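Below, each chain spelled out in residue letters.
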Amino acid sequence: MHPTITNRSLRETKRAERSLRRQLGGVGGELGQMWRVLAPWALLAAALIGAPATWLLASLGQVEGFTASCIAVAGVAVAAVSLHLTRGRRFLGRAHELFNVTAPVAVVAYTVGFGPDKYVLIAATIFGAASAIVWNRRHTSTAIRELEQVANGKGAVYGDMPARWREFAAEHMPSLADSTMTVLKDTRDEFVAGLDLGEAGVPSDVGPLLERLTRFAGGVVGGASLITGDYLDKVGVRIARRDPLKTAMPWQGPNAPGESMIEPIEGIGRYRDFVELSLRLPFVAGRNGEPDKQQSHLAIIGMSRSGKGAAGELIDVNVATRKDGIVVFCDPVKADQSVGPISEGANYVLDTTPKIRAFFHRLVNKTIPDRAAYLGNPTRNQLGRVLREWAPGCGLSWVMVHVAEAAALYNNQDMTKITERAASVGIEIVIEAQKGIHDRIDTNARSNMAALLCFGTYDMDDASLVLPPELIDLGANPAAWRNKQPGTCYVVFPELTLARQAMPARFARHAPDGSDIAAALAEYMHLASPCDPITAASWGEPYARYRAEIDARHDRSPRQHALAGAVLLDRASTPVAPPVQPADPPSVIEREEEDMGFDLTPPGWQHEDSDSEDEPGAEDEQRDVEEAAENVVVGMVNALGDDPEAQGVLDLAYDGLARYGRDDEDDQADGLYVPRPDIEFPDDPDEAHFELIPSRDEAIDVLLDILKNDISEGNTFKPSHLYEAIEARAKRSDSWVRRCMKPLQGWGCIEETDSYGVYLVKHTNRGDLTDYPE
């Protein structure tokens, strides 16, 4: 596209040309413009006339060889000086200057040494004339700009001479009229300069004028950025003349699979200055004894088709393949489409608004307190000290909750609470939205997310909702590319300097069908660990059902994992059943016994071959049964640990062992209760008059039980769905059910949805009894 030529632009060009011509006249001293035009022709004439004359004089004294040698040495010295003096120019200018200096000297030296040669003189005449013509063309069209660039490249200060910068600043940027510029780098790809802002200038004066600076340096749209230091009197300006982010780099796969989450996520993109894009999600390890820099939650903001979804997939696949990180993917709008290949790496996928809201409620009220109690107890976490932050090796998985289409969850207070409470226990929430406005994302939640990936926006008004003001002052402008360069964004992370945050970056491009992500997950997911048992237990039955469905789909059965000091049934394979021949080595049972800490050998089985061929007697069988039962109980004690429900389970186990082998008469003699069948009495026509009507507390318990078993958490219902069951079990009317909706909302058991008269079940615990959980 050709630039538009206007009268104003022509006047500016003429004014700059006149100024630079005066500059060249001052630099050359007594050498005027006429001498610059005649110089190559004078050199040509001197060579053609002086070469035969010098030969004639040298031949009279019989010193042709000595004279030619001296002329050649002088020519080499002149060529070396010329190369040194023109070292700042471009290649064409240096080569032409070298030819103009060495060619006449070489012709004179050859003629003196070997005598006049008509072929040499003819060639010198033709090539010399061509060189003089090229010299004139260069110096009348492009030499002015070339000399200016040479001066800039040598670090010349514009304020010390009448140059284009001072005139441009005085006319178009009065606030920078007193500034001086020192050019540090001037290439076809990039322009870098330092600005001394004068007595009263500050960096904020430069920010609004970056577009004019870009025009001055010939940069691309959105290619300017400021570099600020510890002082306010100087700033750096970097202007890109060619945008390397026009083409996205290909994605090479996840880095550090099977490693800890503290390793940075790399290989996912690059900055405009070709520096590799690197993300550190849990924290940045401190150096030289400094404390670690903890990360905050992450917001991904950008207009439709700006590439934020593809970037989120790259982050997800890197987290999913780490040994201590898991991904929970939530999309209340189009999960079946958006989850794609990430479903193979996500530990938990939630695809409806009710499920996500119920999950957030569990995170706030169960998961975060349980993980905090574990990390704060040095006798429970595996590092053996009080942990104020999640740390690798503590026994808990690092959890990333990725919420796509977060605007559909607007006004969810639990999501806001997660941004306030979850970071220190190793849970990071990542939300995606097209716009960070207050009616799409809660302002409190937005303020709690210190990390940001800002992709292309429609205009600067949208960008200013999420970008810090200091970055906008430094020239950050995501509206420059909108969605024309998918994946281009500003990476605003707390540990990065402002200069790095103001530098655009672009995420790598992966296959549109997600085949490379699916291949990476298939190759590396075996290195990842399952969710830790404390977190899995806090997510309750919905999570257990989901994992069971996933394992069934992949034809897998549970495997026991020892994590966080407890035993968890998770995905893989169950302990192998005892072999039919117990003497066959190696014994799988022995290996499982060593892993689990107790004996799994069934009664009557032996690890080694028995020398006796006799069948075991009744006493031996009873002894083996009692020994095996005792081992099972000991294993239960080790497995349950300090679980509050452990004692009740152990009491039942001991009671069962105490009654083993006893008949009902013995139990009656010991005062143990033996269940008997109910005695059936004849039907009484007035029996209905003697049925007990449950009290109000009992009726509420019945109502909560119906919500738990018939509706279940995460699902929606209408009060009319409960009428029949309440009438049958609690003898309550329809109006009583409707009156109970308000106290249930007050306890947080249910929540109104966007549909009138439809409620969401969040939990089924009463809020008016302090001892209810027990």
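Before reading on, note that the structure itself is shown above.
Along each chain, residue indices are assigned from 1 in the same order as the chain's sequence is written. Totals for whole chains, interfaces and linings use every residue, but because this is a predicted model, local features are given only for residues with pLDDT of at least 70 and side-chain atom pairs only at 80 or more, for both listing and counting. Values reported for side chains reflect all heavy atoms of the structure, with hydrogen atoms and water molecules removed beforehand.

Considerations on the overall build of the chain
Within the chain one finds 27 helices and 20 strands. Each residue's exposure class comes from its accessible area (1.4 Å probe, protein chains only) as a fraction of the maximum for that residue type: buried when under 20%, exposed when over 50%, partly exposed otherwise. Split into buried and exposed, the 774 residues of the chain put 41% on the buried side. Methods summary: accessible areas were calculated by the Shrake-Rupley approach with a probe of 1.4 Å, and residue burial reflects only the protein chains presented. Accessible surface, the chain as shown: approximately 42400 Å² in total, 54% of it carbon and sulfur. Secondary structure elements follow DSSP: runs of H or I of four or more residues count as helices, runs of E of two or more count as strands, with numbering from the N terminus.

Concerning helix α18 (residues 515-524)
Among the residues of α18, Ile517, Ala520 and Leu521 are the ones counted as buried. Relative to the axis of α18, the buried residues are bounded by an arc of 95° and lie together on one face. Two residues qualify as a contact provided that any one of their heavy atoms is within 4.5 Å of a heavy atom in the partner residue. Contacts made by the buried residues of α18 are with α10 (308-320). Think of the arc as the fan of directions from the helix axis to the C-beta atoms.

Remarks on the sheet that holds strand β2 (residues 190-196)
Strands are labelled as partners when DSSP assigns at least two bridges between them. Taking strand neighbours across the sheet as the criterion, the four strands line up as β1-β2-β4-β3 in an open arrangement whose pairing is antiparallel. Across the chains shown, the open sheet's two edge strands, defined by having one partner strand only, are β1 (180-186) and β3 (224-228). Geometrically, the sheet is characterised by an average inter-axis angle of 20° between neighbouring strands, direction not taken into account. By the bridge criterion, six bridges tie β1 to β2 in an arrangement that is antiparallel. Within β2, the position partnered with Asp186 by the bridge is Phe191. Running at roughly 60° to strand β4 (residues 234-240), helix α9 (residues 210-217) makes contact with β1, β2, β3 and β4 of the sheet. Lines fitted to the C-alpha atoms define the axes, with helices restricted to the stretch that makes contact. Angles between their N-to-C directions range from 0 to 180 degrees.

Some thoughts on unusual backbone geometry
Of note, Ala256 is a non-glycine position whose phi angle comes to about 55°, a positive value. In this structure, Ala256 sits in the loop between β4 and β5 (269-271). Its identity as a non-glycine residue notwithstanding, Ser712 has a phi of 75°, on the positive side. Relative to the elements of secondary structure, Ser712 occurs in the loop between α25 (696-711) and β18 (716-717). Taking relative accessible area as the criterion, Ser712 reaches 15% and is therefore assigned buried.

Let's talk about the nonpolar core
We call a set of buried Ala, Val, Leu, Ile, Met, Phe, Trp, Tyr and Cys residues a nonpolar core when their side-chain atoms join them within 4.5 Å. Phe360, Val401, Leu453, Phe507 and Trp539 are the most contacted members of the largest nonpolar core, which totals 116 residues. Core analysis: the second largest hydrophobic core is formed by 23 residues, Phe717, Ala725, Ala730 and Met741 among them.

Considering α9
Along α9, the positions that sit buried rather than exposed are Leu210, Leu213, Thr214, Phe216 and Ala217. Mapping the buried residues of α9 onto a view down its axis gives an arc of 160°, with all of them on the same face. Of the residues in α9, the exposed ones pointing more than 90 degrees away from the buried face are Glu211 and Arg215. Where α9 terminates, the next one or two residues include Gly218, which has phi positive at roughly 75°.

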